[in-house]
Amino acid sequence: MGTSKTRLDIDEQRYSRQMYVLGTDAMRRQQKSSMLVSGMKGLGVEIAKNLVLTGVGALTLHDPSPTCWMDLASQFFLSEEDIGRNRAQASLPRLKQLNRDVCINTYEGPLTETVLRRFQVVILTDSTLEEQLQVGKLCHEHGVRFLVASTRGLVGQLFCDFGEKFTIHDPSEDEPVEKSIRQISQDSPGVLTVLEEDGRGLQDGAWVTFSGIEGMTELNHCDPRRIRVLDRWTVEIGDTSAFSPYLRSGVITEVKKPQTRSYEALSLSLCRPRIVAPSPKEKQRARCLHQAFRALHKYQAQTGRLPRPWHLGDANELVDLVQGLEPLQGNNDQKLNEPLDEALVREFAMTCTGDLSPINSVLGGMAAQEMLKAASGKFMPLDQWLYFDALECLPEDGKPPLRSEARDCRYDGQIAVFGDDFQKKLGTQRYFLVGAGAIGCEMLKTFAMLGLGAGQGGGVTVTDMDIIEHSNLSRQFLFRSEDLKKPKSEVAALAVKGMNPALSVTAHTNELGSDTEHIYGDDFFSSLDGVVSALDSFKARGYVSKRCVHYLKPMLESGTQGTRGSAAVFVPSITEQYTPSEDGNETAHQVCTLRYFPSTIEHTLQWARNEFEGLFRWPAEIMNRYLQEGLSSGRESDLFEGMEGLQTLDYLRTASTSFLTPPRCWRDCVAWARDRWQDCFHDSIIHILQYYPQDKVHEEGVPFWSGTKRCPQPLEFDIHRDTHLNYILAAANLYAKTHVLQGSKDRDELRVMLQELPAPDCQLRVHMPIFANDQELEQDSAEWAPTHLQKLRSALARWPGTSLEPQQFEMDDDSNFHMDFIVAASNLRAENYGIPPADRSKSKKIVGKIIPAIATTTAVVAGLVGLELYKTVMGHQRLSSYRHSYLHLAVPRLSRCVPEAPHVQQYRDMTWTCWHRLTVPAPAPGQPEMTLKDLLTYLQEKHDLPVTMLLLDSYLLYSRRRPETQQNLQLRVTEVVHKVTGKESKVGQKELVFEIGCEDEADDTTFPPLHYCLC
């Protein structure tokens, strides 16, 4: 009990997404930790699950109690067969399966001083106030980080005491702010001006250091200085009056410094709680719930039980107990004489017997993250209390549900809150889950605990086209090591059936999109009650939203990035529809910036990626296409299929030289790599400086090399520098693989070979111009392309006839030299331009556009979605009942707000929202279909809409401005569609959906879709 692993290596494949959240140092501290979770009901197992997934060192499960029916509503690792068994013992084997690297055991005895001192972090989740005070006192005295977490019905409570001197090594999740310098004054204090760049700005009081400055070199790598922010672009940096004048370039970089926090013991904090809440109103509500929890402990001590579900008499007794408590004290130790929200306390009392999976997910994720903070010193801990409630989930009419008493079934904890009728309604629901990744797995677990689709006529369909990868195992808790390479949806569906055998779940492996609308069409969507989106692409989410709007189905949507997350609900006619954001990772860089004027590590990494494609993939693909298909005049473009824009010329130039002298052995590959090093990091830089010398000045007197333009310096090859040798080793091996030759990993042999090779001559590109922007480059490309195409023709003609092996970039294989090349090439390029380098981990994150992820955030977000699911199933009609939620666990902060109502548009006397549609009924039996003219007349007479344009997708069926379209007025509508599109109606198609435009409409008007019924 309490023993931690001694082996501190990190499985980077498994924890790759998590390492981008926590960092290596925090992960190692976490790996050495020993934790205790007391209480293995739904909340306790949720916390334990998150800790095991994130890879703590050792975990002890403490619970002396047997499993009962009430536990099964949210304890997903217990089943009917476990009734009467010890909860911790029954949960142990399932938790062990999650992560074999974590040492997990159980303990059933009392939490004595001797026991507690074996742990770094202890949390109580199912305990009396007396036990909390006793354990909290011992933990505070012995430096053990202590937490209390509790959920009662729709309300949760979290408390943290990390001791009187707790060190926070890294308080924030964000990378240190880094800004390019425009100017620095010689003054006291000196004023530094940064360039106008996107991203976070520097914060007042932050500590910074400097690098790459020319002129005022005294600042480079100086001890951290504290800044005073004047505005978005200027900061005071201290006395610079005695320094050299600033000339150009440089970077100001934020330095993160450890912080120390002090925490009060539970006995003191109970009466003067420091509560975290997003607003004063929420803080007052939290103080009321704080008193309600205190009174509940007193009620249990007096009666030996919790208040009965929806029992007004018991609820009033709890109100009386709250009123009898001493008022809380504020920061100045004065009593807070706030009015008691009796209605809030009664609702709490009448539902506190319940045990709900979504609430446990929310509190369990937050509590687990605080425990990780306690062990790692990463992120800002909670100070000190947090309360969360979702009482808006209760029926809007305020009436107590019927039949809420326990009946010895797995849903007793949920029935205690919502009643038996609602439980039956949950069972009949038919829901579609899109995505079976991290959030998808959590949502399936939620469905199983709620009993969604577990009754007659109900069911859940889940689709995901992906297979399980090793990196999924750190947060997608339905998957095990033996499931690698299996379809996610099928494995997840089988796993949740084990949690609730009554759940009806169907797994698909299809991508949801226009290509699968024959599967997920009218019949499928019409049968659904709602859709849950668990996708990581804004584009895919947007498509799902369009389908939900089309079929008038509620959509629950969520996403995570590191410790940030969001959950939202979109309900027909009540809320606004989902509007996708732009994919933040899709930043396109100018080719000239990458080639000549990089200023960030992102630029040099993208340049290195382009190098990889241009050296080891496209030349080989060009050659293979040539060998298979030949090269006939006028069809040269076929060779470059798949290449993009201005990069094609680079690939063409590279290919024409690559095939002139193909390598015959490993030595030839090393010689080629050495020549390439010389060309990229020495000769090309000299060429740029010939065009734009270091002292070049614009006509207006501004230095050319200023702002984001960093003046480069050529590198001299040094066989003793690892970065130089790493480039040669990776490039030579990749070149060998491309030409189907044997490579080598012997670094000593490589050094000897490089010493024997003659030093490359400086090859200046006399006739190659340097362009300041992509427009100039594009104009010139047309002139240079024929020359390089002729060189390529000549090289291809002399090729011996053997095919090549194109290298498809794969960054997760550490043995293939792909990332070795990218990291080395990027950092050498960065050194040319004075850009701070990036290690392998950061480089992989940027190149792979990896979204950081951790299990705790996923759990909270899924719980928040589950709460909105209650409301959509219950059929809430008030906008004020729904919540969009925004989470940042690193702070920690959880804010919730009422969604926007749908935007109302108007045309003449007609008003509508995004959820409205115009419907044209199908013809009565025996009646002919409408002509196009009939349709236009119908819309004019029925809706007063003088239609001037009719579209089907991108096809123009009718326009007043296009006389040729008016020839179709006498044709049946389906005949017009066939004539214009060339397509027949699909078998079983029930309607056509048109887009219309009307005379005198405003520019921003979007009319409701026109649903033309076929049958």
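That block above? That's the structure.
Residues numbered from 1 in each chain as written. Predicted model: local features only at pLDDT ≥ 70, side-chain atom pairs only at ≥ 80, totals over all residues. Heavy atoms only, no water.

Draft legend 1. Region of interest: the overall build of the protein. Helix and strand content of the protein: 29 helices and 31 strands. Over its C-alpha atoms the protein spans a radius of gyration of 33 Å, differing by no more than 12% from the 31 Å that the globule rule assigns to 1015 residues. A total of about 43,700 Å² of accessible surface is found on the protein, and carbon and sulfur atoms cover 47% of it. Each charge class in the protein can be summarised by its mean position, and for the 110 positive and 134 negative side chains these summaries are 3 Å apart. (Helix = DSSP H or I, 4+ residues; strand = E, 2+ residues; numbered from the N terminus. Rg over C-alpha atoms; globule rule 2.2 N^0.38 Å. Areas by Shrake-Rupley, 256 points an atom, 1.4 Å probe, with all protein chains shown as cover. Lys, Arg positive; Asp, Glu negative; His and termini not counted. Charge placed at Lys NZ, Arg CZ, Asp CG, Glu CD.)

Draft legend 2. Inspection of the environment of Gly440 at higher detail. Considering the arrangement of structural elements, one finds Gly440 in helix α14 (residues 438–450). Placed 164 residues apart in sequence, Gly440 and Val276 show a C-alpha to C-alpha distance of 30 Å. Excluding residues that lie within four positions of it along the chain, Gly440 makes contacts with Leu433, Gly435 and Ala534. (Contact = heavy atoms within 4.5 Å.)

Draft legend 3. Helix α22 (residues 722–738), seen in detail. Under the 1.5 Å per step criterion, the end-to-end length of α22 is 24 Å for 17 residues, consistent within 8% with the ideal 24 Å. Burial analysis of α22 places 13 of its 17 residues in the buried class, the great majority of the element. Backbone geometry just downstream of α22 places Val740 in the positive-phi region, at approximately 55 degrees. (Expected span 1.5 Å × (residues − 1). Buried < 20%, exposed > 50% of the residue type's maximum accessible area, 1.4 Å probe, protein only.)

Draft legend 4. Local environment of the packing of helix α9 (residues 312–323) against helix α10 (residues 342–351). Closest axis-to-axis distance for the α9/α10 pair is 8 Å, and the angle between their directions is 125 degrees. Compared by their axis directions, α9 and α10 come out oblique. Between α9 and α10 lies a crossing whose hand is right-handed. Within the contact between the two elements, α9 uses Leu312, Ala315, Asn316, Leu318, Val319, Val322 and Gln323 and α10 uses Glu342, Val345, Arg346, Phe348, Ala349 and Met350. (Axes fitted to C-alpha atoms, helices over the stretch in contact; angles between N-to-C directions. Parallel < 35°, antiparallel > 145°, perpendicular 65-115°, else oblique. Left-handed = near helix turned anticlockwise from the far one by under 90°.)

Draft legend 5. Inspection of the pairing of strand β9 (residues 191–194) at higher detail. Side chains of β9 alternate between two faces, with Leu192 and Val194 buried and Val191 and Thr193 left unburied. Bridge analysis of strand β8 (residues 178–184) against β9 gives 3 bridges, and the strand direction is antiparallel. Across the sheet, the residue bridging to Ile181 is Val194, located in β9. The antiparallel pairing of β8 with β9 creates a hairpin that spans 6 residues between the two strands. Relative to strand β13 (residues 234–236), β9 runs antiparallel, the two being bridged by 3 bridges. Within β13, the residue paired with Thr193 across the bridge is Thr234. (Pairing = 2+ DSSP bridges.)

Draft legend 6. Structural context of the packing of aromatic side chains. In this structure the tally under the stated criterion is 41 aromatic pairs. Ring plane angle 70 degrees and centroid distance 5.1 Å describe the contact between Tyr520 and Phe524, whose orientation is recorded as edge-to-face. Ring-pair connections join several aromatic residues into one group, and the members of that group are Trp607, Phe612, Phe616, Trp672, Trp677, Phe681, Phe717, Tyr727, Tyr735, Phe809 and Phe821. The positively charged end of Lys709 is found above the aromatic ring belonging to Phe704, 5.4 Å away from the centroid. The residue whose ring lies beneath Arg829 is Trp607, and the NZ or CZ to ring-centre distance is 4.6 Å. (Phe/Tyr/Trp six-rings, centres within 6.5 Å; stacked < 30°, edge-to-face > 60°. Lys NZ or Arg CZ within 6 Å of the ring centre and 35° of its normal.)

Draft legend 7. Broad picture of the nonpolar core. Membership of the largest hydrophobic core comes to 157 residues, with the highest contact counts inside it found for Ile47, Leu51, Leu59, Leu154, Phe388, Phe418 and Leu444. Element by element, the count of residues in this core is highest for helix α27 (residues 855–874), at 11 residues. If sequence neighbours within four positions are ignored, Leu59 has contacts with Met35, Val37, Ala48, Leu51, Val52, Val102, Cys103, Ile104 and Asn105. Counting 57 residues, the second-largest nonpolar core is a separate cluster that includes Trp666, Leu725, Leu757 and Met811. (Core = buried A, V, L, I, M, F, W, Y, C linked by side-chain atoms within 4.5 Å.)

Draft legend 8. Examining helix α25 (residues 818–832) more closely. For α25, spanning 15 residues, the distance from its first C-alpha to its last is 21 Å, which sits close to the expected 21 Å at 1.5 Å a residue. Burial runs high along α25: 13 of the 15 residues are buried. Residue Gly834 follows α25 closely and has a positive phi angle near 65 degrees.

Draft legend 9. How the structure looks around the packing of helix α21 (residues 666–691) against helix α23 (residues 747–756). Running from N to C, α21 and α23 point in directions that differ by 70 degrees, and their axes come no closer than 10 Å. Taken together, the axis directions place α21 and α23 in an arrangement best described as roughly perpendicular. α21 and α23 meet at a crossing whose hand is right-handed. Of α23, the residues touching α21 (which contributes Trp666, Arg667, Val670 and Arg674) are Glu749, Leu750, Met753, Leu754 and Glu756. Residue composition of the contact of α21 with α23, by class: 5 nonpolar, no polar and 4 charged. (Nonpolar A, V, L, I, M, F, W, Y, C, P; charged D, E, K, R; others polar.)

Draft legend 10. Up close: a negative patch on the surface. Residues Asp466, Glu469, Glu511, Asp515, Asp536, Glu810, Asp812 and Asp813 make up a contiguous surface patch of negative charge. Structurally, the position occupied by Glu511 is in the loop between β19 (505–508) and α16 (522–526). Since its relative accessible area comes to 52%, Glu511 is described here as exposed. (Patch = residues over 30% accessible without salt bridge, like charges linked within 9 Å, V, L, I, M, F, W, Y side chains within 5 Å. Salt bridge = Lys/Arg side-chain N within 4 Å of Asp/Glu carboxyl O.)

Draft legend 11. Summary view of the sheet that holds strand β5 (residues 145–152). Spatially, β3-β2-β1-β4-β5-β6-β16 is the arrangement adopted by the 7 strands of the open sheet, whose pairing is mixed. Both outer strands of the open sheet, β3 (103–107) and β16 (385–389), are each paired with one neighbouring strand and no more. Each neighbouring strand pair of the sheet contributes to a mean axis angle of 15 degrees, computed without reference to strand direction. Both strand β1 (residues 34–38) and strand β2 (residues 58–62) contribute to a ladder of 5 bridges, which runs parallel. In the sheet register, Ser34 faces β2, and the bridge partner there is Ala58.

Draft legend 12. Quick peek at the pattern of salt bridges. Counted according to the given criterion, the structure contains 55 salt bridges. With a closest N to O distance of 2.9 Å, Arg272 and Glu264 form a salt bridge. Between Arg305 and Asp314 there is a salt bridge, with its nearest N and O atoms 3.0 Å apart. Since its relative accessible area comes to 33%, Arg305 is described here as partly exposed. Several salt bridges converge on common partners, so that one network encompasses Glu46, Lys49, Glu442 and Lys445.

Draft legend 13. Layout of unusual backbone geometry. Of note, the bond from Asp383 into Gln384 is cis; its omega dihedral lies within 30 degrees of zero at -20 degrees. Looking at where Gln384 falls in the secondary structure, it is placed in the loop between α11 (357–376) and β16. The omega angle of the peptide bond from Val891 to Pro892 is -10 degrees, so this bond is cis rather than trans. Inspection of the secondary structure puts Pro892 in the loop between β23 (884–888) and β24 (893–897). For Trp310, which is not glycine, the phi torsion reads 55 degrees and is therefore positive.

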